[in-house]
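Here is how the chains run, residue by residue.
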Amino acid sequence: MRLRFSEEQQDLRRAVRDLFASCATEPEVRRLMDTPEGWDRAIWSQIAAMGLISLAIPETFGGDGGGWDDVGVVLEEAGRSLLCAPYFSTVMLGVNTLLASNDPAAQRDYLPDIAAGELTATLAVLEDTGRWDEDAVALRATPTSTGYRVDGHKSYVIDGATAGVVFVVGRTAKGLSLFAVERGAPGLRCTALETVDLTRKQARLEFADTPARLLGDEGAGWALVRRIIDRAAIGLAAEQVGGAQQALDMAVSYAKVRHQFGRPIGSFQAIKHACADMLVEVESARSVAYYGLLAAAEPDSDLSLIAGLAKAHCSDAYAHVASQCILVHGAIGYTWEHAAQLHFKRAKTGQLMFGTPTAHREALADRLCPAGRPVETLDIH
């Protein structure tokens, strides 16, 4: 497995950073935070025209045939700028679901429109319990003469109120399965949720005898969902690295210009140590996230293990760096007017997505040390 990005990917990073520097400025982010949709279709068209949505979509469906490591480059830059757009939901959840489903008909119907920027998508797994496990799924799907009908609800759905198609995890007589529900379907009701992080909208979806389309094989849904979530967790880790880097940059810049007692606060030992610790956390998180992205692009990688490590480490690193950024700024960092609080809120909500860091560490511990197996016999290499 190669452990560094290619020159083409570095060129992609520079191009994406330039794009977001013009269309995802802090004033623009704040403007979109106050809109019901949370994103601008004109900006979305720019992102699509640059080919960023189609990176991981095969060429046969109108994409560029790239990999998830390419998408990770975009996500890292999106995290830096707190991009207000349905990029994560559409690509890491929507496209990821379609590709994992191995459903050629659904891929033909949805992927070309997604690649062109004409359709947004998301994945709905959680319900009101907020639990990321198989037993927590209560939404029911019933077969009909024309397809399926779903009844129940989903909560905390990223960009759920605006997505053109929602991929839903539901329970049938054969087990958990994946379904596609298109926007405006009869019986579908979308309610925007009030969230801490206003840069990423979430919604509660209610389904009442709503028409749905089966993706892939009935009863095979949870195995697909686990792989989708693992890959999405790695994408989130890349995004968190970008946000953590931006928080570190803001703290260092402020420490250089803010003076107390006639000298820059960055010259004080306490601030130096705080910034040094932040740097270590950012760089370690970057290493983990990059390894995860490259693993996601390899078919034979141990994706579940690597995803848990990336999610646990990068979530905590971003949250800690964002909180330290506020402390370095002092009182101004706590105010609504400063960008530090935006990163802190994004970091704290990100900790809960796809399972908490604690849950992932417990799963890793159980995997490395199964019940009844002595610790000294473990092979961790």
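Just so it is clear, the structure is predicted and the values come from calculations on it, not from any experiment.

Rules used throughout
- Residues numbered from 1 in each chain as written.
- Predicted model: local features only at pLDDT ≥ 70, side-chain atom pairs only at ≥ 80, totals over all residues.
- Heavy atoms only, no water.
- Helix = DSSP H or I, 4+ residues; strand = E, 2+ residues; numbered from the N terminus.
- Rg over C-alpha atoms; globule rule 2.2 N^0.38 Å.
- Buried < 20%, exposed > 50% of the residue type's maximum accessible area, 1.4 Å probe, protein only.
- Contact = heavy atoms within 4.5 Å.
- Areas by Shrake-Rupley, 256 points an atom, 1.4 Å probe, with all protein chains shown as cover.
- Lys, Arg positive; Asp, Glu negative; His and termini not counted.
- Charge placed at Lys NZ, Arg CZ, Asp CG, Glu CD.
- Axes fitted to C-alpha atoms, helices over the stretch in contact; angles between N-to-C directions.
- Left-handed = near helix turned anticlockwise from the far one by under 90°.
- Nonpolar A, V, L, I, M, F, W, Y, C, P; charged D, E, K, R; others polar.
- Core = buried A, V, L, I, M, F, W, Y, C linked by side-chain atoms within 4.5 Å.
- pLDDT = per-residue confidence, 0-100.
- Domains from an automatic or database assignment.
- Buried area = accessible area lost by both parts, 1.4 Å probe.
- Salt bridge = Lys/Arg side-chain N within 4 Å of Asp/Glu carboxyl O.
- Phe/Tyr/Trp six-rings, centres within 6.5 Å; stacked < 30°, edge-to-face > 60°.
- Pairing = 2+ DSSP bridges.

A.B. asks: Summarise the overall build of the protein chain; cite the residues concerned and give the values.
C.D. replies: Regarding its fold elements, the protein chain presents eleven helices and nine strands. For a compact globule of 381 residues, the expected C-alpha radius of gyration is about 21 Å, and the protein chain comes in at 21 Å, within 12% of that figure. Projected onto its principal axes, the C-alpha coordinates of the protein chain cover approximately 80 × 55 × 40 Å. A burial count over the protein chain gives 54% of its 381 residues as buried. Summarising the internal contacts of the protein chain: among those between residues at least 6 apart in sequence, 74% fall at separations of at least 24. For the protein chain, the accessible area works out to roughly 16,700 Å², and carbon and sulfur atoms hold 54% of it. If you average the places of the 37 positive and of the 48 negative side-chain charges in the protein chain, the two averages end up 4 Å apart.

A.B. asks: Describe the packing of helix α9 (residues 303-329) against helix α11 (residues 357-368), and please don't skip the residues or the numbers.
C.D. replies: Remark: α9 packs on α11, axes separated minimally by 9 Å, with the N-to-C direction vectors making an angle of 145°. At the point where α9 passes α11, the crossing takes the left-handed sense. Across the interface between the two elements, S304, L305, G308, L309, K311, A312, H313, S315 and D316 from α9 touch P357, H360, R361, L364 and R367 from α11. Residue composition of the contact of α9 with α11, grouped by class: five nonpolar, five polar and four charged.

A.B. asks: How would you summarise the nonpolar core if you had to cite specific residues and measurements?
C.D. replies: Ranked by internal contacts, the top residues of the largest apolar core, which has 97 residues, are F20, I47, Y87 and F88. Ranked by residues supplied to this core, first place goes to helix α7 (residues 221-257) with 17 residues. Those residues in contact with F20 that lie beyond four places of it in its chain are T25, I47, L52, V74, E77, A78, S81 and L83. Y148, V168, V181 and L188 belong to the second largest nonpolar core, which has 18 residues in total.

A.B. asks: Describe the confidence of the model for the protein chain, listing the residues and the values that go with them.
C.D. replies: Interpretation of this model should avoid reading the predicted coordinates in detail wherever pLDDT is low. Across the protein chain, the average pLDDT comes to 92, with 96% of residues at or above 70. Across the protein chain, element-level confidence peaks in strand β1 (residues 121-124) with a mean pLDDT of 98 and bottoms out in α11 with 86. Residue range residues 375-381 is modelled with pLDDT below 50. Its contacts to residues more than four positions away, or to other chains, number six contacts.

A.B. asks: Can you explain the domain arrangement of the protein chain? Please cite residues and give values.
C.D. replies: Taken as a whole, the protein chain is organised into domain 1 (7-119), domain 2 (123-220) and domain 3 (223-368). Between domain 1 and domain 3, the C-alpha centre-to-centre distance is 21 Å. Where domain 1 abuts domain 3, roughly 2,100 Å² becomes buried across the two surfaces, and 64% of that area is made up of carbon and sulfur atoms. On the surface where domain 1 and domain 3 come into contact, there are two salt bridges.

A.B. asks: Please give an account of the pattern of salt bridges that cites residues and values.
C.D. replies: Within the structure shown, the criterion is met by 24 salt bridges. Between D40 and R31 there is a salt bridge; the shortest N-O distance is 2.9 Å. Here D40 falls in the partly exposed class, since its relative accessible area comes to 23%.

A.B. asks: Can you explain the packing of aromatic side chains? Please cite residues and give values.
C.D. replies: All chains considered together, the criterion is met by six aromatic pairs. Residues F5 and Y290 carry aromatic rings whose centres are separated by 4.7 Å and whose planes lie at 80° to one another, so their mutual orientation is edge-to-face. One end of the pair, F5, is in the segment before α1 (7-23); the other, Y290, is in helix α8 (residues 269-296), and 285 residues separate them in sequence. For the pair shown, F5 and Y290 are each scored as buried.

A.B. asks: Can you explain the pairing of strand β5 (residues 175-182)? Please cite residues and give values.
C.D. replies: The buried count for β5 comes to seven of eight residues, which makes it a mostly enclosed element. In this structure, strand β4 (residues 165-172) lies alongside β5, joined through eight bridges in antiparallel fashion. Within β5, the position partnered with V169 by the bridge is L178. What sits between β4 and β5 in their antiparallel hairpin is a turn of two residues. Where β5 lies against strand β7 (residues 202-215), three bridges are found, and the strand directions are antiparallel. In the strand pairing of β7, A180 is matched with R213.

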